[in-house]
Structures are given as C-alpha cells and as structure tokens.
Amino acid sequence: MGEPTFRFDNSYARSLEGFFVPWKGDEVPAPKILRLNRDLAGELGLDADALDSAAGAAILAGAVQPDGAAPLAMAYAGHQFGGFSPQLGDGRALLIGEVFDAEGQRRDIHLKGSGRTPFSRGGDGKAVLGPVLREYLIGEAMHGLGIPTTRALAAVTTGEDIMREGPKPGAVLARVASSHLRVGTFQFFAARRETDKIRQLADYAIERHYPELAGQSDRYILLLRQVRDRQAALIAKWMQVGFVHGVMNTDNMTISGETIDYGPCAFMDAFDPKAVFSSIDQFGRYAYGNQPTIAQWNLARFAEAILDLIDADDPDDAVRQATEEINGFPAVYQEEWLGGMRAKLGLGAARDGDLELVNDLLALMADNDVDFTLFFRSLSRVSQTGTEAVDIGVPNVGAEFAPWFERYRDRLRAGDMDDGSRAAAMNAVNPVYIPRNHLVEGALQAAENGDMAPFDRLLDALSDPYREREGFSDLAGPAPDGFGPYVTFCGT
Ligand code: AMP
Ligand code: MG
C-alpha cells in the first residue's frame, strides 16, 4: 500500500490571487480516520486503501500537506440573517486542492475544523465529532435523494478535546464540492468596490460552472439567470423532501447550485410551513416555507454584487436587466416545484387544477400534523378504481381527507398512467428513508459513546432511500411520542 497521492490541479490558487490566504491546518495529536467514503474516494481517483491510514488521516485532518496541495482559506463576505458582514471567510476551513473526478469534473477537497485562519475572528477554528458526523450523514442523505450537494469524503478524529458546552472530541470533516464559490465570495469584493476582481471571479465561475457562457458579451446577466435557475431547482428539491437548511445566509449559497454548509439543518416530520429548528432563528427567517423567498432575496444580493459587470456604462440599465431576472425567480421556482409535486402525486402530464389539488393537500396535511415523508410514500397505495373510504395507513389521515381523495382519484383517472406503473414511478421519487431528527440524534449519541453501528446502519439506509428494505422499518416512521420539539445549533 502506497502513500496517499492526489493529482491536484489547483485552479483557484492559480487564477485568483488575492481571493484567499495561503494557509495550513493545525498539527493535531492523534489524527485517525473514523469514516472514509470509499466510493467517493474512488470517484475522485484516490486510492481508498492508501487514504485509510495514518498518513491519510494526517492529510485529511489538515495537519500534513500532500504533494501538489495548495491549501488556502477563502475570503468571502455575506448577509447573515439579513445583516451584512463584509468579512467572513473560511474561519475553520481549508481548500486543500482540486482534483478531477471520473467524469472529468473539477471537485474541491475542503476541510472543516482544521484550525484557526486569518478569517477566524473570535472562533477556535475547530469542529467537534457530533456536528462533523451530522454533516456527513445529511450530506450523503441529500446525495442519496438526488439533490445537488457537497459530499462527505471522510470524518477524522483529531485526538484533541475541544471546549464547547463541555469538552468534546475534536474532528475534521473532509468534504467535496464542485466548488466553494458563494454569493458571499462576490459580495466580499463588491463591498470593496473592486470591479476588476468581481469580473475575474465571474469569469472564473463561468468557466467552471457555466462554460457555455464563456466569451459571450452578455455573459454576466446570463450567469445571473443560470444561478437563479439552478437555485430555483435546488430549493424546489429541498421543499419536496421537507428539508430546512436553517441558515440560508448569502455565504451559504453556492454559485454551482449545490447545497452547502450543513449546520442547523433538519428534515421535518409533520408537514409545517413554519417549521424552524435552529436555536438562533428566533423569527423564523429561514423557516421551511420561507426558503424560496429567501433564495430570491439572496439572488438579489448576488445581482447587486455583479451589477457593474452587467452594464458598466448605464447603471439604470443594469438594474433594469437584473431586476427582470430576479423577478423571474418565482415563476421558475413554481414550475420546478409543481413539476416535482406532480411526480410525487403520480399525476403524469400537467393539467389545469393541479396546483389547487397540491395546495389543498398541503393545507390538509398542515392542519392535521401529517408526516410528510410517510404520507407521500404511502400515497401510491391509492388506486384509481377504488371507491372505499381511504385508509393509506398514515396517522392523522382521517375523514377530513375523504373529499380530497375523491378529487385525487378523479384526477388519476383523467391521467395517463395505470396503477402499477404509477405506483412504481411514485416510489422512485418519494423516499422511504430520510435523516429523521430522532434517528440522527440517536446515531450521533451512540457515536459519541464509541458505538458507530447506528450511524453506519442509518447511512446505509439513506444511501438508497427510495428502496424499501427488510429490517429497516424502524427507520421509516416519525419520531416516537416524547421525542419533543427538536432544536439544532450552528457553528458547533
Ligand atoms: P457557518 O455558520 O458554518 O456557515 O459559518 C459562518 C462563519 O463563521 C464562517 O466564516 C465560518 O468560517 C465561521 N466559523 C464558524 N465556526 C467557527 C469556528 N469554530 N472558528 C472559526 N470560525 C468559525
Ligand atoms: Mg458557511
């Protein structure tokens, strides 16, 4: 078994001087690979056996720089809960380098928890085991669900005790993204009125994520449109699985359209547009139902940051063009969302009245505290021809639903799918397994006590969430009574 080697090609370090600080991770007493994502390592052209070693652990903890790495802390700014911070940046993270995956896509290998950087402000630059495993689990769950996301490459324990509410085991998450360019990266230079740098960054982003726009004279307005469309598609996917990101600050919104920065995020059990889990989101700014509006708000901040590029000679024209794109967000989002909801309901081709059918169902679910995931998974049991009172075996779905089920059956009969093919299509988009809060907490508790079995079992189920498996039924239902309201924390 050889030393871990990486075939780095570090475009960010090479092309964007001034957008980062070259930096190294801290030395740590006893780095150890707790979990390695061997499939992902393979996809990245890395030798999993070589990585699963003391040398691999030291690299993935940030303590040792492999050949060809150009580790750096990225500069970015951001609106946090609506207020602008001109300087955030990687306060506890490092980009160690970029590699090409098996499909030729450039991917960042990035560490979280590798020590203080010039962007750390008051923070200790560290991460602890529970949140690292949480990000691992939820990121991989999102990937399993088919939602664009950063991936987890490894969780490494450091052998350090980190002070939080008490001493906690230190850990580092190695994660992989198609890039870590954020709305906040643009804002960093916009706040400093460095138009040349913004242009350089925009051209870099175009080359990396939207190469079809390269060289076009109107590429910057088209970049805004593309980012808008990808974010609309992403948020629609979140909404369709009941995901609440929890901290949709502009520094946590990517240009690539991937989900990033799993902090206080959570999946809801009972459908509730007001669902909020984060301890610091007192006013529900980032509640489930607000996510599309917030995405649009964040995109407006992106538009502002690149306004000078859109039309340098005529600021009014730049504003007019950008406003048009931003105002187009709700329609793009609605189209993505309704398309996804039609698939969840097995409606087939669009028909008039679908929006009302979906919205009336969601209102009923909210009124009756119906479990979102369980309901949709069970809905494929409804047949077109049945006339019996509906019992799909989901708690709280009672007589109030009868008129809606009548309409649903009428709609199915008007559609173009027979029961069998519809059920199969529905089951391919309605997951059985999501990272339910009680399961995640249970797995992390056990992991902190040295037992990784519940984590591994949950990860296994979440990696293939649309396939119902024997022996996993305990992972498919809502939290037991008594689990109580769930609260999550940021920056831990
Ligand atoms: P996040 O909530 O993880 O998106 O982080 C928001 C900002 O706080 C980013 O600039 C992070 O780098 C920084 N940050 C979060 N936790 C820490 C920490 N423990 N030490 C230093 N910086 C941190
Ligand atoms: Mg962040």
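For the structure itself, look to the data block above.
Now for a quick tour of the structure.

About the criteria used
- Residues numbered from 1 in each chain as written.
- Chains lettered and ligands numbered in written order.
- Predicted model: local features only at pLDDT ≥ 70, side-chain atom pairs only at ≥ 80, totals over all residues.
- Heavy atoms only, no water.
- Helix = DSSP H or I, 4+ residues; strand = E, 2+ residues; numbered from the N terminus.
- Rg over C-alpha atoms; globule rule 2.2 N^0.38 Å.
- Buried < 20%, exposed > 50% of the residue type's maximum accessible area, 1.4 Å probe, protein only.
- Contact = heavy atoms within 4.5 Å.
- Areas by Shrake-Rupley, 256 points an atom, 1.4 Å probe, with all protein chains shown as cover.
- Lys, Arg positive; Asp, Glu negative; His and termini not counted.
- Charge placed at Lys NZ, Arg CZ, Asp CG, Glu CD.
- Donors = N, O, S within 2.8 Å, 3.2 Å for Na, K, Ca; no water.
- Near = heavy atom within 4 Å.
- Polar contact = N/O pair within 3.5 Å; in protein donor to acceptor, adjacent residues only side chain to side chain.
- Nonpolar A, V, L, I, M, F, W, Y, C, P; charged D, E, K, R; others polar.
- Expected span 1.5 Å × (residues − 1).
- Pairing = 2+ DSSP bridges.
- Core = buried A, V, L, I, M, F, W, Y, C linked by side-chain atoms within 4.5 Å.
- Salt bridge = Lys/Arg side-chain N within 4 Å of Asp/Glu carboxyl O.

What follows deals with the overall build of the protein. Across its full length, the protein carries 18 helices and 12 strands. Relative to the 2.2 N^0.38 estimate, which gives 23 Å for 492 residues, the radius of gyration of the protein is 23 Å and therefore close to what a compact globule would have. For the protein, the spread of C-alpha atoms along the principal axes amounts to about 65 × 60 × 40 Å. Split into buried and exposed, the 492 residues of the protein put 57% on the buried side. In the protein, 72% of the contacts between residues at least 6 apart in sequence involve partners at least 24 apart. Surface accessibility of the protein: about 19,800 Å² in total, with carbon and sulfur atoms responsible for 49%. Averaging the locations of the 47 positively and 71 negatively charged side chains of the protein gives two centres separated by 1 Å.

This part covers the coordination of the magnesium ion (ligand 2). Within the first shell, the magnesium ion (ligand 2) binds the protein through N252 (OD1) and D261 (OD), at distances of 1.9 to 2.2 Å. Both residues of the pair, N252 and D261, belong to the buried class.

The environment of ligand 1 is formed by 15 residues, the closest being G89, G91, R121, D124 and G125. A distance of 2.6 Å is found between an oxygen atom of ligand 1 and a backbone nitrogen or oxygen belonging to G89. Within the contact set of ligand 1, a nitrogen atom lies 2.8 Å away from a backbone nitrogen or oxygen of G125. For ligand 1, the protein covers 86% of the area, taking 480 Å² as the surface of the free molecule. Taken together, the residues of the shell around ligand 1 break down into 2 nonpolar, 6 polar and 7 charged.

It is worth spelling out helix 8 (residues 219-241) at this point. Between the first and last C-alpha of helix 8 there are 33 Å, a value that for 23 residues agrees with the 33 Å anticipated at 1.5 Å per step. Taking burial as the measure, the 23 residues of helix 8 include 18 buried ones, the bulk of the element. Positive phi appears at G242, one or two residues downstream of helix 8, with a value of about 75 degrees.

With 7 of its 7 residues buried, strand 7 (residues 106-112) lies for the most part within the structure. Residues R106, D108, H110 and K112 point to one face of strand 7 and R107, I109 and L111 to the other, with burial holding for every one of them. Here strand 6 (residues 93-100) runs beside strand 7; their pairing, made up of 7 bridges, is antiparallel. The partner of F100 across the bridge, within strand 7, is R106. Following strand 6, the chain reverses through 5 residues before pairing antiparallel with strand 7; G104 in that reversal takes a positive phi of roughly 80 degrees.

Here we come to the side chain of H180. Examined against the element boundaries, H180 turns out to sit in the loop between strand 10 (167-177) and helix 6 (183-190). Under the relative-accessibility criterion, H180 is labelled buried at 1%.

Another point: the nonpolar core. Membership of the largest hydrophobic core comes to 104 residues, with the highest contact counts inside it found for F375 and Y408. At 13 residues, helix 8 tops the list of elements feeding residues into this core. In this structure, F375 is in contact with L361, M365, V370, I392, V394, V397, F401 and F405, ignoring residues within four places of it in sequence.

This brings us to the pattern of salt bridges. Applying the stated rule across the entire model yields 40 salt bridges. Its salt-bridge partner being D261, residue K112 comes within 3.6 Å of it at the nearest N-O pair. With K112 in strand 7 and D261 in the loop between strand 11 (243-244) and strand 12 (266-267), this residue pair connects regions lying 149 residues apart in the sequence. Considered together, K112 and D261 belong to a single accessibility category, that of buried residues. Across the pair D360 and R407 runs a salt bridge whose closest N-O atoms are separated by 2.9 Å. Taken together, the positions of D360 in helix 13 (residues 354-367) and R407 in helix 15 (residues 402-414) put the pair 47 residues apart, joining distant regions of the chain. Here the salt bridges do not stand alone but share partners, grouping D9, R14, E98, R106, D108 and R208 into one network.

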